[in-house]
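Summary of structural features
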Amino acid sequence: MADTDKALEELEDLFAAARSARPGMPAHLNTAILADAARAQAGFSAARPARAVRQPKWRQLVEAIGGWPAMGGLAAASAAGLWIGMAPPSFVPDPVVLAGYEESGSVFADDSYDMALMLSEDLR
């Protein structure tokens, strides 16, 4: 049993020595890595950002809104709003009545519109 303890102690000493000794990088590998890094960095310094092309104001507005899909949605919503505003459905109140405008007078007392009557009065 003493032989196995001595073998284990020797093995433990070898492991401790391996842990304490850091392996160094070979010089040719270090040189190859630094040369590759220098080539890569040289490519980055050569590429400069291109100067931004100035766009017209209308194109800047379209991009600010969200592009052509957003402009299509805006046009569709505007057309629907105009349509509903000009010919509101029956369940939507008339905006003229909401504004308080009422027609107070009429041409004829009986609220009729007879073209023949109007022409006969003009001929006299």
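Calculation rules
Residues numbered from 1 in each chain as written. Predicted model: local features only at pLDDT ≥ 70, side-chain atom pairs only at ≥ 80, totals over all residues. Heavy atoms only, no water. Helix = DSSP H or I, 4+ residues; strand = E, 2+ residues; numbered from the N terminus. Buried < 20%, exposed > 50% of the residue type's maximum accessible area, 1.4 Å probe, protein only. Areas by Shrake-Rupley, 256 points an atom, 1.4 Å probe, with all protein chains shown as cover. Salt bridge = Lys/Arg side-chain N within 4 Å of Asp/Glu carboxyl O. Patch = residues over 30% accessible without salt bridge, like charges linked within 9 Å, V, L, I, M, F, W, Y side chains within 5 Å. Lys, Arg positive; Asp, Glu negative; His and termini not counted. Charge placed at Lys NZ, Arg CZ, Asp CG, Glu CD. Axes fitted to C-alpha atoms, helices over the stretch in contact; angles between N-to-C directions. Parallel < 35°, antiparallel > 145°, perpendicular 65-115°, else oblique. Contact = heavy atoms within 4.5 Å. Nonpolar A, V, L, I, M, F, W, Y, C, P; charged D, E, K, R; others polar. Phe/Tyr/Trp six-rings, centres within 6.5 Å; stacked < 30°, edge-to-face > 60°. pLDDT = per-residue confidence, 0-100.

**Remarks on the overall build of the protein chain**
Counting its regular elements, the protein chain contains six helices and zero strands. Reading the helices (α) and strands (β) of the protein chain from amino to carboxyl end gives α-α-α-α-α-α. Classification of the 124 residues of the protein chain by burial places 2% in the buried group. For the protein chain, the accessible area works out to roughly 11600 Å², and carbon and sulfur atoms hold 64% of it.

**Description of the pattern of salt bridges**
Scanning the entire structure with this criterion turns up two salt bridges. The salt bridge partner of Glu12 is Arg19, with a shortest N-O separation of 3.2 Å. Classification of Glu12 as partly exposed rests on a relative accessible area of 44%. Taking the relative accessible area as the measure of exposure, Arg19 reaches 57% and is therefore exposed. Residue Asp36 pairs with Arg39 through a salt bridge whose shortest N-O separation is 3.4 Å. Within this pair, Asp36 and its partner Arg39 are both found in helix H2 (residues 27-46), separated by three residues, close to a single helical turn. For Arg39, a relative accessible area of 56% gives the class exposed.

**Things to note about a negative patch on the surface**
There is a patch of like negative charges on the surface, built from Asp5, Glu9, Glu10 and Asp13. Secondary-structure assignment places Asp5 in helix H1 (residues 2-20). On the basis of relative accessible area, Asp5 is assigned to the partly exposed category, the value being 39%.

**Quick look at the packing of helix H3 (residues 57-65) against helix H4 (residues 68-86)**
Their axes nearest at 7 Å, the elements H3 and H4 cross at an angle of 85 degrees. Comparing their axes, H4 and H3 come out roughly perpendicular. Listed contacts from H4 to Trp58, Val62 and Ile65 of H3 are Trp68, Ala70, Met71 and Leu74. In terms of residue class, the contact of H3 with H4 is made up of seven nonpolar, no polar and no charged.

**Quick look at a nonpolar patch on the surface**
Residues Leu8, Leu11, Leu14 and Phe15 make up a contiguous nonpolar surface patch of roughly 410 Å² in combined accessible area. Along the chain, Leu11 turns up in helix H1. The partly exposed category is assigned to Leu11, whose relative accessible area is 40%.

**Thoughts on the packing of aromatic side chains**
Applying the stated rule across the entire model yields one aromatic pair. Ring centres of Trp58 and Trp68 lie 6.4 Å apart, and the angle between their planes is 50 degrees; this geometry places the pair in the tilted category. Residue Trp58 is found in helix H3, and its partner Trp68 is found in helix H4; the two are separated by 10 residues along the sequence. Using a relative accessible area of 58% as the deciding quantity, one classes Trp68 as exposed.

**Topic: the confidence of the model for the protein chain**
Per-residue confidence for the protein chain gives a mean pLDDT of 79; residues scoring 70 or more make up 73%. Of all helices and strands in the protein chain, the one with the weakest mean pLDDT is helix H6 (residues 115-123) (63), whereas H4 scores best (92).

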